[in-house]
Amino acid sequence: MEDADLQALSFEQALEKLEAIVEEIDRDDVDLEQAIKAYERGVQLRDHCERKLNEAQERISKIRVKDGGIETVSPSSDDSDSPPF
Amino acid sequence: MELRTGSNLPEYSVSQLAEQIKGTLEETFSRARVRGEISSFFRSGAGHLYWTLKDDRSGLKCACFRSAAQRLAVRPEDGLEVVVTGRVSTYGQRSEYQLIVDAVEVAGEGALLKMINDRRERLAAEGLFDEQRKRPIPYLPSVIGVVTSEQGAVIHDILHRLRERFPREVVLWPALVQGEGAAGQIAAGIAFFNDLEPGGPVSRPDVLIVGRGGGSVEDLMAFNEEVVARAIAASRIPVISAVGHETDTTIADFAADLRAPTPTAAAEMAVPVRAELRASLMTTAARLAAGLQRAAETRLARLETVRQQLSRPSTRIERLTQRVDLAWNRVVSDGAQRVARFRATLAHASGRLRTPVDQVRAMHRRTDAALTAADRGIGARYDQAELRLRLSADQPRLRDLTEQRLEQARRRWTAQARLLEASSHKRILERGFAIVQTGEDTLVRRAQDLAAGQAVTLLFQDSPPGQPIPARILEPVPDRRP
């Protein structure tokens, strides 16, 4: 699997592919060579999933309409009297 | 009299009367609640609202100025049965009066619910709530857009729940969630998120949560507005609605792709629990490793089986048994074939024999030769089999099998040999006959072939081979010829 393809996978897609690979390896008739390749792909997918899980970071912003334009404001840099939602 | 009557009444100017009426009306009806049906609804460019409240006999002009209009719980519309609260105000220039409205309630919950219901049915008939329009909620969105009030518990609950489950990027579109203008702001927020380009300065959400906290039916009215329902239905980003409490259902909920009973539940529907995902991923990864190991072990086991089969004695024994079997088949069929051939030869020769002695001799020789040959053949093969048997003498099964086969073949051969024996000349001798010969190989068939004093030999059943008894003819054989 190309690295770029892997990066484009969502967590869910990667997990689904990983599960499919586990099923494949679990089959008795799978070629050993093929099983090893599948395993290596599985490891890549697992690492990708793990990265996705670790990417969890809270970031909050709100939209403000100002002078007809739109800007994003993060709560910390917002006016002090606005509620810390 | 007429003048007196006239002079007794105070005389007003028009304006004075107008002022008088204005004072009287506005004082008397400074605060009035009036029930009626809205008709001729109109919104001015400045944001003021005008309509006529009517019942079956009368009409009352109503005005609601912009500041009050923004706080209305119910958005006035034609045909709506309402109770309005306000003060009466007169417009002396045209001899008119009107009610300046600062609050509108739907006249009785039943009427409001009927209005909502009618609207919902109309939109449903349009196909706005069809199941096939529903978009799936992404399993793990990166960015979550929220359209709700920036004050209040809703956004707080959502953020709190997200933090617990799976912290994500959240973009809030602050919107009024009740009163005049709320519906428009909510719809604008949904449209705004949909118009965002991926990779732009503002992250485009993968899922939207649109909602507000609980309240009365009037409080929730913005979420029953058609403009909100249409914005939700048109959203290309999947929408989770979270309006009020569990028992509150608005038209927005029908239009949404997923309806959450509370804002907290909406956050739960938006993201999975990270810890659970981690556990599930670990399980799957463990299965992956175990799978490969098992695959290798299965093959190792298979290899071991093959290796054992290669060196296992039984395999060799089975091969030997097979060879012995083949040899024995040959022995048996050879024996039978030989006997059959001898029979055929015997039958053929008997037709061509010149003398009984020839016949008997030839028969004797051939029988002996055949018996010897058969004996040799069988013996040789027997020896061969015996040898193989000895090779695997430690295998009783093979030995038993082989001996059984040997015995079988021996029996068959003996039977055939007996048959051959039965048809030999020895049987004739056994019956009491003797063979008379003159010299070597000359059989005496007739008495007239003998002369007095001639030497002959006699062959009895017990004569040793090549040792006939010598004898002499005493009397000449009577000549029976005429």
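Up top is the structure.
Residues numbered from 1 in each chain as written. Chains lettered and ligands numbered in written order. Predicted model: local features only at pLDDT ≥ 70, side-chain atom pairs only at ≥ 80, totals over all residues. Heavy atoms only, no water.

## Remarks on the pattern of salt bridges
All names here are of chain B.
Argument step 1. Under the criterion given, the structure shown has 24 salt bridges over all chains.
Argument step 2. A salt bridge links Arg35 to Glu81, with the nearest nitrogen and oxygen atoms 3.6 Å apart. In this pair, Arg35 is assigned in strand E1 (residues 32-43) and Glu81 in strand E4 (residues 81-91), connecting sequence segments 46 residues apart.
Argument step 3. Given a relative accessible area of 54%, Arg35 falls into the exposed group.
Argument step 4. A salt bridge links Asp253 to Arg259; the shortest N-O distance between them is 3.7 Å.
Argument step 5. Exposure remark for Asp253: the relative accessible area of 6% places this residue in the buried category.
Argument step 6. By relative accessible area, Arg259 is classed as partly exposed at 28%. (Salt bridge = Lys/Arg side-chain N within 4 Å of Asp/Glu carboxyl O. Helix = DSSP H or I, 4+ residues; strand = E, 2+ residues; numbered from the N terminus. Buried < 20%, exposed > 50% of the residue type's maximum accessible area, 1.4 Å probe, protein only.)

## Description of the sheet that holds strand E11 (residues 435-437) of chain B
Sheet strands associate in pairs through backbone hydrogen bonding, adopting either a parallel or an antiparallel arrangement.
All names here are of chain B.
Argument step 1. The 3 strands are arranged E11-E12-E13 in an open sheet whose pairing can be described as antiparallel. Where the open sheet ends on each side, the last strands, each with one partner, are E11 and strand E13 (469-472). Each neighbouring strand pair of the sheet contributes to a mean axis angle of 35°, computed without reference to strand direction.
Argument step 2. Here E11 runs beside strand E12 (residues 455-459); their pairing, made up of 3 bridges, is antiparallel. When the bridges of E12 are listed, Gln437 appears paired with Thr457. (Pairing = 2+ DSSP bridges. Axes fitted to C-alpha atoms, helices over the stretch in contact; angles between N-to-C directions.)

## Points about the nonpolar core
Residue and element names in this part refer to chain B.
Argument step 1. In this structure, Trp51, Ile186 and Phe193 are the most contacted members of the largest nonpolar core, which totals 60 residues.
Argument step 2. Among the elements that make up this core, the one with the highest residue count is helix H6 (residues 182-195) (7 residues).
Argument step 3. Residue contributions to this core reach at least three from each of two domains, namely domain 1 (14-107) and domain 2 (133-272).
Argument step 4. Beyond its immediate chain neighbours, meaning those up to four positions away, Ile186 contacts Val147, Ala175, Leu176, Val177, Val210, Ala222, Phe223 and Val228. (Core = buried A, V, L, I, M, F, W, Y, C linked by side-chain atoms within 4.5 Å. Domains from an automatic or database assignment. Contact = heavy atoms within 4.5 Å.)

## Topic: the packing of aromatic side chains
Argument step 1. A full pass over the atoms with the stated rule returns 6 aromatic pairs over all chains.
Argument step 2. With a centroid separation of 6.5 Å and 10° between ring planes, the pair formed by Phe11(A) and Tyr139(B) is classed as stacked. Separated into two different chains, Phe11(A) in helix H2 (residues 11-26) and Tyr139(B) in the loop between helix H4 (109-125) and strand E6 (143-148) make up a pair that spans both.
Argument step 3. Plain terms: the ring middles of Phe129(B) and Phe254(B) are 5.6 Å apart, the flat faces sit at 35° to each other, and that makes the pair tilted. Taken together, the positions of Phe129(B) in the loop between H4 and E6 and Phe254(B) in helix H8 (residues 251-255) put the pair 125 residues apart, joining distant regions of the chain.
Argument step 4. Accessibility expressed as a relative area gives 13% for Phe129(B), which makes it buried.
Argument step 5. For Phe254(B), a relative accessible area of 31% translates into the label partly exposed.
Argument step 6. Site record: aromatic cluster; members linked through ring pairs are Trp173(B), Phe192(B) and Phe193(B).
Argument step 7. Sitting over the face of the ring of Phe166(B), Arg274(B) holds its NZ or CZ atom 5.8 Å from the ring centroid. (Phe/Tyr/Trp six-rings, centres within 6.5 Å; stacked < 30°, edge-to-face > 60°. Lys NZ or Arg CZ within 6 Å of the ring centre and 35° of its normal.)

## A word on the interface of chain B and chain A
Argument step 1. Tallying the contact residues gives 35 residues for chain B and 39 residues for chain A.
Argument step 2. Here chain B meets chain A over a buried area of about 3,400 Å², counting both sides, of which 66% is carbon and sulfur.
Argument step 3. Per-residue buried area on chain B facing chain A is highest for Leu281(B), Leu288(B) and Leu292(B); these three make up 20% of the total on that side.
Argument step 4. At the junction of chain B and chain A, the tally comes to 6 salt bridges.
Argument step 5. Measuring nitrogen to oxygen at the nearest pair gives 2.4 Å for the salt bridge that ties Arg59(A) to Glu169(B).
Argument step 6. Between chain B and chain A we count 13 residue pairs in polar contact (both at pLDDT 80 or more) in total.
Argument step 7. By residue class, the composition of the side of chain B that touches chain A is 21 nonpolar, 4 polar and 10 charged.
Argument step 8. Bridge count for strand E1 (residues 59-66) of chain A against strand E7 (residues 169-174) of chain B is 4 bridges, and the pairing is parallel. (Buried area = accessible area lost by both parts, 1.4 Å probe. Polar contact = N/O pair within 3.5 Å; in protein donor to acceptor, adjacent residues only side chain to side chain. Nonpolar A, V, L, I, M, F, W, Y, C, P; charged D, E, K, R; others polar.)

## Looking at H4(B)
Residues three or four positions apart in an α-helix share a direction because the helix packs 3.6 residues into each turn.
All names here are of chain B.
Argument step 1. The end-to-end C-alpha distance of H4 is 24 Å, a good match for the 24 Å that 17 residues give at a rise of 1.5 Å each.
Argument step 2. For H4, every residue scored as buried is listed here: Leu112, Met115, Ile116, Arg119 and Leu123. Buried residues in H4, looked at end-on, bunch into an arc of 90°, giving them a common side. In H4, the exposed positions angled more than 90 degrees off the buried face are occupied by Gly110, Lys114 and Ala125.
Argument step 3. The inward-facing, buried residues of H4 abut strand E5 (96-106), helix H7 (226-234) and H8.
Argument step 4. Downstream of H4 by one or two residues, Gly127 has phi in the positive range, about 90°. (Expected span 1.5 Å × (residues − 1). Arc of directions from axis to C-beta.)

## Structural notes on the packing of H6(B) against H7(B)
Residue and element names in this part refer to chain B.
Argument step 1. One way to put it is that H6 packs onto H7 with a least axis distance of 8 Å and a crossing angle of 10°. Classed by the angle they form, the pair H6 and H7 counts as roughly parallel. Between H6 and H7, the contacting residues are Ala183, Gly184, Ile186, Ala187 and Ile190 on the first element and Val227, Val228, Ala231 and Ile232 on the second.
Argument step 2. Residue composition of the contact of H6 with H7, by class: 8 nonpolar, 1 polar and no charged. (Parallel < 35°, antiparallel > 145°, perpendicular 65-115°, else oblique.)

## Examining the sheet that holds E1(A)
Argument step 1. Here we have 7 strands laid out as an open sheet, ordered E2(A)-E1(A)-E7(B)-E6(B)-E8(B)-E9(B)-E10(B), and mixed in their pairing. A single partner strand is all that each edge strand has here, and the edge strands are strand E2 (69-73) of chain A together with strand E10 (258-259) of chain B.
Argument step 2. Where E6(B) meets E7(B), 6 bridges bridge the pair, whose relative direction is parallel. Bridge pairing links Ile144(B) to Val170(B) in E7(B).

## Re unusual backbone geometry
Residue and element names in this part refer to chain B.
Argument step 1. Positive phi outside glycine occurs at Ser40, with the angle close to 55°.
Argument step 2. Tracing the backbone shows Ser40 in strand E1.
Argument step 3. With a phi close to 55°, Ser95 is a non-glycine residue in the positive phi region.
Argument step 4. Tracing the sequence through the fold places Ser95 in the loop between E4 and E5.

The analysis is restricted to geometry; functional conclusions fall outside its scope.
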